[in-house]
Amino acid sequence: MSETMGKKQLLLQTFSLLVGFMVWTLLAPLFPEIVKDIPEAAAHQALIVALPTVLGSLLRIPFSIMTNKIGARLVFLASFIFLLIPVFYLSMATTTTDLIIAAVFLGIGGATFSIGVTALPKYYDKNKHGFVNGVYGMGNIGTAVTSFGAPVLAGLFGGWQAAVQTYLIVLALFALLQFFIGDREEKKVNLPLGKQFREAITDYRFYLLNYWYFITFGVFVAFGIFLPNFLVTYFGLSTADAGFRTAGFIVIATLLRPVGGWLGDKYDPITMVIVSFIGLTFSGLLLSFTYESLLLFTIGCLATSVFAGIGNGLVFKFVPMYFSSQAGIANGFVAMMGGLGGFFPPLVMQATYEATGTYMLAFHLLTGACVIALFTMLYLRSRVKANRI
């Protein structure tokens, strides 16, 4: 497969991922406006804004497998067509139940991440896989587009319902783009799934990558969900200001993702991922003790976005490096764990706040998870040096 076609598909699939993530995270930045019309939804906020991550995570495994079998073009196309339904349904929502139903199926937007990380490495040499997956991962910036843009659209068009309906146009456009310029000749991979699964789950590195991505991508998603309403309710910022700050967090993490992939290509990827997790550990500590100050909290968030972004790019350097023959299974599981990593933290943060009256414990838990990850990385490096893997 030519690298020229690879560049074309990298561009198309990166922007397609951007659209998927725009839809995936549609609820969180609009929630302060939604509860004005559906006030009873406020009591279920943490669950509703986190629900898209569930389906968006679980579907990453079948999306990865289907990409290998039928190609990225058809999987993206089907995803965008189906997403028209929950987006339209959300724009008509009048009850908490409506919001919950729409939230679940918006998760399909997050599942699209598995498509590109499975398809795009087929076009490139192994020494470019980290950078290519990092560039594709920049489609995560769709979260920032929605965090900043959705509240602005709601203001321009006179309500959150109209803002949601503009997403129908974007989805339809990208469905057409995939239909007409998606690669119809993409190489298909149809290895026995049972064999792929057995080989993956018997390799200890499979579990390490799942855990690392659970943290790095989980932090990215969780902060994107948590920050908009937290900044409004805790620091008293406007919805637009909170959306802008959240977008800044997302943009930084997203732009640094290809940097992480490039570092993994150019230098020892294990050393690089250790450095990124040391940074995450210290940023978690900073957030633990300074979140009552907007300035210090902002610094902690910026540090978190830097090291999470680099870590996201680094982890997907390892997947094709260690699991080239089990790409469908490995990509799906690692991507799924990253998505699930974004589901639990907002719930944990709400639970710890209700139990203790502070978010300090939640940030301590993030720090502890990073420290555990560091020990696993040191273990992997020792195995590499001993030539026992």
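Residues numbered from 1 in each chain as written. Predicted model: local features only at pLDDT ≥ 70, side-chain atom pairs only at ≥ 80, totals over all residues. Heavy atoms only, no water.

The name an unreviewed UniProt entry assigns to the protein is MFS transporter, NNP family, nitrate/nitrite transporter, from the organism Lacicoccus alkaliphilus DSM 16010. The UniProt entry for the protein carries the following text under Subcellular location (unreviewed entry): "Cell membrane". Taken directly from UniProt, the Sequence similarities (unreviewed entry) text for the protein runs: "Belongs to the major facilitator superfamily. Nitrate/nitrite porter (TC 2.A.1.8) family." (UniProt positions renumbered as here; feature names shortened; annotations may be inferred.)

**Overview of a nonpolar patch on the surface**
Where nonpolar side chains cluster on the molecular surface, the patch consists of L173, L176, L177, F179, F180 and I181 and spans about 550 Å² of accessible area. The topology assignment puts L173 in helix α11 (residues 160-181). The class for L173 is partly exposed, based on a relative accessible area of 46%. (Patch = residues over 30% accessible without salt bridge, like charges linked within 9 Å, V, L, I, M, F, W, Y side chains within 5 Å. Areas by Shrake-Rupley, 256 points an atom, 1.4 Å probe, with all protein chains shown as cover. Salt bridge = Lys/Arg side-chain N within 4 Å of Asp/Glu carboxyl O. Helix = DSSP H or I, 4+ residues; strand = E, 2+ residues; numbered from the N terminus. Buried < 20%, exposed > 50% of the residue type's maximum accessible area, 1.4 Å probe, protein only.)

**Looking at the nonpolar core**
Ranked by internal contacts, the top residues of the largest apolar core, which has 118 residues, are L90, L99, F113, Y136, W212, F277 and F297. With 16 residues, the top contributor of residues to this core is helix α13 (residues 204-233). Dropping the residues within four chain positions of it, L90 is found in contact with L26, L27, L99, A102, L106, W160 and V164. (Core = buried A, V, L, I, M, F, W, Y, C linked by side-chain atoms within 4.5 Å. Contact = heavy atoms within 4.5 Å.)

**Details of the pattern of salt bridges**
With the rule as written, the count across this model stands at five salt bridges. Notably, a salt bridge pairs R205 with D203, separated by 2.7 Å at the nearest N-O pair. Assigned by exposure class, R205 and D203 land together as buried. Note that K317 and D265 form a salt bridge whose closest N and O atoms lie 2.8 Å from each other. Here K317, found in helix α17 (residues 294-322), pairs with D265, found in helix α15 (residues 257-266); they are 52 residues apart in sequence, far enough to count as distant. The buried category is assigned to K317, whose relative accessible area is 9%. A relative accessible area of 22% places D265 in the partly exposed class.

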